[in-house]
Amino acid sequence: MAEPTMVAGPGITGAGEAAGTAVAADYFESYSVVGLLAVVGVLFVAVAFGAGRLLRPVVPTPEKLMTYECGVDPVGDGWAHTQVRYYVYAFLYVIFAVDSIFLFPWATVFAAPGYGAATLVEMFIFLGFLAVGLLYAYKKGVLTWT
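Residues numbered from 1 in each chain as written. Predicted model: local features only at pLDDT ≥ 70, side-chain atom pairs only at ≥ 80, totals over all residues. Heavy atoms only, no water.

Draft legend 1. Fine view of the overall build of the chain. In terms of regular secondary structure, the chain is built from 5 helices and 0 strands. Along the chain direction, N to C, the helices and strands of the chain fall in the order α-α-α-α-α. For the chain, the proportion of its 146 residues judged to be buried stands at 5%. Carbon and sulfur atoms form 73% of the exposed surface of the chain, whose accessible area is close to 13,200 Å². (Helix = DSSP H or I, 4+ residues; strand = E, 2+ residues; numbered from the N terminus. Buried < 20%, exposed > 50% of the residue type's maximum accessible area, 1.4 Å probe, protein only. Areas by Shrake-Rupley, 256 points an atom, 1.4 Å probe, with all protein chains shown as cover.)

As structure tokens, this is what we get:
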């Protein structure tokens with residue numbers, strides 16, 4: 001005589017649910033390691049700042065409370081006029097330095113078989129945009145140092 005088999009119903013845990021629970025436990029276990037590491041990092045920083053606050057001497061003097069930059073005593077007004085052209089030179093440098101970085105990957109792709117003509121046209125278009133920008137800066141007088 002055959003024994004009756006049990007069918008998993010709504011109240012009975014089946015094998016599929018147990019496997020799903022194991023996968024979820026493994027999934028959250030990996031995140032718990034990351035969370036634990038984050039908590040340890042925050043505690044480490046908090047302990048370091050707390051120890052620094054407890055161990056440092058607190059002796060405020062006028063020299064210590066004075067504002068300075070790079071060890072130079074402040075003299076006169078804190079506001080200084082800086083000419084805009086220095087920022088323009090820096091901006092142009094960043095533009096052309098970043099654009100020149102794009103030339104290196106282009107050179108490696110250009111050497112690959114089958115990409116020569118397309119990458120050559122794209123690079124001349126790119127260099128054309130750079131030339132137009134440089135010509136515009138020259139026409140505006142940005143590149144003259146006075």
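Draft legend 2. Looking closely at the UniProt feature "transmembrane region" (unreviewed entry) in the chain. Residues annotated in UniProt with the feature "transmembrane region" (unreviewed entry) correspond here to residues 33–55, 86–109 and 115–138. Here residues 86–109 runs as 96% helix and 0% strand, with 36 Å between its end C-alpha atoms. Along residues 115–138, the helical share is 96% and the strand share 0%, with 34 Å between the first and last C-alpha atoms. (UniProt positions renumbered as here; feature names shortened; annotations may be inferred.)

Draft legend 3. Expanded view of the packing of helix 3 (residues 84–101) against helix 5 (residues 116–139). It is the contact of helix 3 with helix 5, at a shortest axis distance of 12 Å, that shows an interaxial angle of 165 degrees. The orientation of helix 3 with respect to helix 5, classified from their angle, is roughly antiparallel. Between helix 3 and helix 5 lies a crossing of left-handed hand. Of the residues in helix 5, those touching helix 3 at Leu92, Phe96 and Asp99 are Phe126, Leu130, Leu134 and Ala137. Each residue belonging to the contact of helix 3 with helix 5 can be placed in one class, and the counts come to 6 nonpolar, no polar and 1 charged. (Axes fitted to C-alpha atoms, helices over the stretch in contact; angles between N-to-C directions. Parallel < 35°, antiparallel > 145°, perpendicular 65-115°, else oblique. Left-handed = near helix turned anticlockwise from the far one by under 90°. Contact = heavy atoms within 4.5 Å. Nonpolar A, V, L, I, M, F, W, Y, C, P; charged D, E, K, R; others polar.)

Draft legend 4. Summary view of a nonpolar patch on the surface. A grouping of Leu103, Phe110, Leu120, Phe124 and Leu127 is seen on the molecular surface, where their side chains present a nonpolar patch of about 410 Å² in accessible area. Of all the secondary-structure elements, those providing two or more residues to the nonpolar patch are helix 4 (103–111) and helix 5. Looking at the nonpolar patch, the element that brings in the most residues is helix 5, giving 3 residues. Of note, Leu127 is situated in helix 5. Note on Leu127: relative accessible area 34%, which makes it partly exposed. (Patch = residues over 30% accessible without salt bridge, like charges linked within 9 Å, V, L, I, M, F, W, Y side chains within 5 Å. Salt bridge = Lys/Arg side-chain N within 4 Å of Asp/Glu carboxyl O.)

Draft legend 5. Up close: the confidence of the model for the chain. With 75% of its residues at a pLDDT of at least 70, the chain reaches an overall mean of 77. Helix 4 is the least confidently modelled element of the chain, averaging 76 in pLDDT, while helix 1 (residues 15–55) averages 84, the highest of any element. (pLDDT = per-residue confidence, 0-100.)

Draft legend 6. Examining the environment of Leu143 more closely. With respect to the element layout, Leu143 can be found in the segment after helix 5. The spacing of Leu143 and Arg85 is 58 residues in sequence and 9.0 Å in space, taken between C-alpha atoms. In this view, Leu143 contacts Tyr89, Leu92, Leu134, Ala137 and Tyr138; residues no more than four positions away in its chain are not counted.

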